[in-house]
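Structural characterization, general
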Amino acid sequence: MDIKTVVSIIVPVYNVEKYLPRCLDSIIGQSYRKLDIILVDDGAKDDSGKICDKYAGIDRRIKVIHKVNGGLSDARNVGLENSRGEYVLFVDSDDWIDPDMVKILLKVIKEKNADVVECGFREIYGNYINVDYACSGNIEQFSKIRAISECMQWKKIKPVAWNKIYARKTIGEVRYPVGKLHEDEFTTHRILYNAKKIIYVDLALYNYDCTKEDSITARFKVQNLDACEAMRQKIHFVLEHEELRPLSDVVCNVYCFTLFDNLARSVDAEEQDSAMVKETVKKALDEKKELLRHKIESLYKQCLNELEKYGVERCVMVWKKRRGVDLK
């Protein structure tokens, strides 16, 4: 393998002083050394920015960008614009990577002449670790259509940004949507669509910290409804690209599940009257005719009708009852 190939690692940083040294130690300790490390301090209010500067003084491969807070998407975009590597990885600043992650993924992407290579990951909880897939070391090739299908359904290929190495040309002009949660859901399928060859390496090389109290998955907030908008946009993306239209039934079903699951969570959080819930419902009903043109599950059809006739709470009641959820 050509050890002169530059790999950019982009790390958005915001209020993570507790976790950041662990993340940065794992990056500067990579067995592959030709790294362009971009730390984007997204207006952190704690000592995260100072920690970034400290590490830049230790390792000259590190470049620190201090900016006003714009959110994770904005920080990733700034990192992309200021990086120089032929290949790109994203690492979230409260996670960490195995010592050989870059070496292994770079070797595969070059030997297989691939555009994106993804690996498995570990989910780190307080008292246990969940390892993604078998960690057999097997290498599997995906077409863009199969990869996008798996990505939409959270199968072997995931929509997350951080367990992949990308050829920069494959990212192209794709950027993350500023101000949105679930930003990867808006973006990853677009990058995969630009790819000719996608590879999955069955090794868990990324460590995803699930113990954080402010994690997107830790508690519901109305901004989580951005996931519904991301899935709605995926429907239109599929319909706009003829070769992806065989995925239309899949994406419509995933959209419906995402919609009703998040509406149920909004009711549980007593947010059903919020402006964002109302906007989400409006967009869903605007899509109803298109959804019914496709093979969606009967439960989704029933919930759409309940939503249109009786509103969110009645829809959620039916959703929970049909799925066997305790209505309390």
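Above this text sits the structure in question.
Rules of the game
Residues numbered from 1 in each chain as written. Predicted model: local features only at pLDDT ≥ 70, side-chain atom pairs only at ≥ 80, totals over all residues. Heavy atoms only, no water. Axes fitted to C-alpha atoms, helices over the stretch in contact; angles between N-to-C directions. Helix = DSSP H or I, 4+ residues; strand = E, 2+ residues; numbered from the N terminus. Parallel < 35°, antiparallel > 145°, perpendicular 65-115°, else oblique. Left-handed = near helix turned anticlockwise from the far one by under 90°. Contact = heavy atoms within 4.5 Å. Nonpolar A, V, L, I, M, F, W, Y, C, P; charged D, E, K, R; others polar. Buried < 20%, exposed > 50% of the residue type's maximum accessible area, 1.4 Å probe, protein only. Pairing = 2+ DSSP bridges. Disulfide = S-S within 2.5 Å. Lys, Arg positive; Asp, Glu negative; His and termini not counted. Salt bridge = Lys/Arg side-chain N within 4 Å of Asp/Glu carboxyl O. Polar contact = N/O pair within 3.5 Å; in protein donor to acceptor, adjacent residues only side chain to side chain. Phe/Tyr/Trp six-rings, centres within 6.5 Å; stacked < 30°, edge-to-face > 60°. Lys NZ or Arg CZ within 6 Å of the ring centre and 35° of its normal. Expected span 1.5 Å × (residues − 1).

**Focus: the packing of helix α12 (residues 298-310) against helix α13 (residues 312-322)**
In the contact formed by α12 and α13, the axes pass within 7 Å of each other and the chain directions differ by 160 degrees. The orientation of α12 relative to α13 falls into the category roughly antiparallel. For the pair α12 and α13, the sense of crossing is right-handed. Between α12 and α13, the residues in contact are Ser298, Leu299, Tyr300, Gln302, Cys303, Glu306, Leu307 and Tyr310 and Val312, Arg314, Cys315, Val318, Trp319 and Arg322, respectively. In terms of residue class, the contact of α12 with α13 is built from 9 nonpolar, 2 polar and 3 charged.

**Quick word on the pairing of strand β10 (residues 198-209)**
The buried count for β10 comes to 11 of 12 residues, which makes it a mostly enclosed element. Bridge count between strand β5 (residues 96-97) and β10: 2 bridges; the pairing is antiparallel. Bridge assignment links Ile97 to a residue of β10, and that residue is Tyr206. Of the pairings in the sheet, the one linking strand β6 (residues 116-124) to β10 comprises 9 bridges and is parallel in character. If you follow Cys119 over to β10, its bridge partner there is Val201. Pairing of strand β8 (residues 139-142) with β10, which is carried by 4 bridges, proceeds in the antiparallel orientation. What sits directly across from Glu140, in β10, is Tyr200.

**Some details on the state of the cysteines**
Tallied over the entire structure, the rule returns 0 disulfides. Here Cys119 is not cross-linked by a disulfide; its sulfur's nearest cysteine counterpart is in Cys135, at 9.4 Å. When its relative accessible area of 0% is taken as the criterion, Cys119 is described as buried. Cys256 supplies the cysteine sulfur nearest to Cys252, a cysteine that is in no disulfide, at a spacing of 6.8 Å.

**Quick word on the side chain of Asn77**
Locating Asn77 in the fold gives a position in helix α3 (residues 72-81). Ignoring anything within four residues of it in the chain, the contact list for Asn77 reads Arg175, Tyr176 and Val178.

**Remarks on the side chain of Asp115**
Following the sequence through the fold, Asp115 ends up in the loop between α4 (101-111) and β6. Buried charged residue Asp115 carries no salt bridge. Nearest counter-charge: Lys169, at 4.5 Å. Separated by 2.9 Å, the side chain of Asp115 and the backbone nitrogen of Lys197 make a polar contact. Setting aside chain neighbours within four positions, we find Asp115 in contact with Ile109, Ile165, Tyr166, Ala167, Lys169, Thr170, Ala195, Lys196 and Lys197.

**Digging into the packing of aromatic side chains**
Counted under the stated rule, the structure contains 11 aromatic pairs. Relative to Tyr206, the ring of Trp162 has its centre 4.6 Å away and its plane inclined at 20 degrees; by these criteria the two rings are stacked. Taken together, the residues Trp162 in the loop between α5 (144-152) and β9 (164-167) and Tyr206 in strand β10 connect sequence positions 44 residues apart. Of the aromatic side chains, those joined through ring pairs into one cluster are Phe121, Trp162, Tyr206 and Tyr208. Geometry around Phe90 places Arg76 over its ring, the cationic atom sitting 5.6 Å from the centre.

**Concerning the environment of Lys158**
Tracing the chain through its elements places Lys158 in the loop between α5 and β9. Between the alpha carbons of Lys158 and Ala264 there is a distance of 24 Å; along the sequence they are 106 residues apart.

**Considerations on helix α8 (residues 226-240)**
Taking 1.5 Å per residue, 15 residues should reach 21 Å; α8 reaches 21 Å between its end C-alpha atoms and fits that length. By the criterion of burial, α8 is predominantly enclosed, with 11 of the 15 residues buried. All of the buried residues in α8 are Asp226, Ala227, Cys228, Glu229, Ala230, Met231, Arg232, Lys234, Ile235, Phe237 and Val238. Those residues of α8 that are buried lie in contact with α5, α7 (183-194), α9 (248-268), α10 (275-286) and α11 (288-292).

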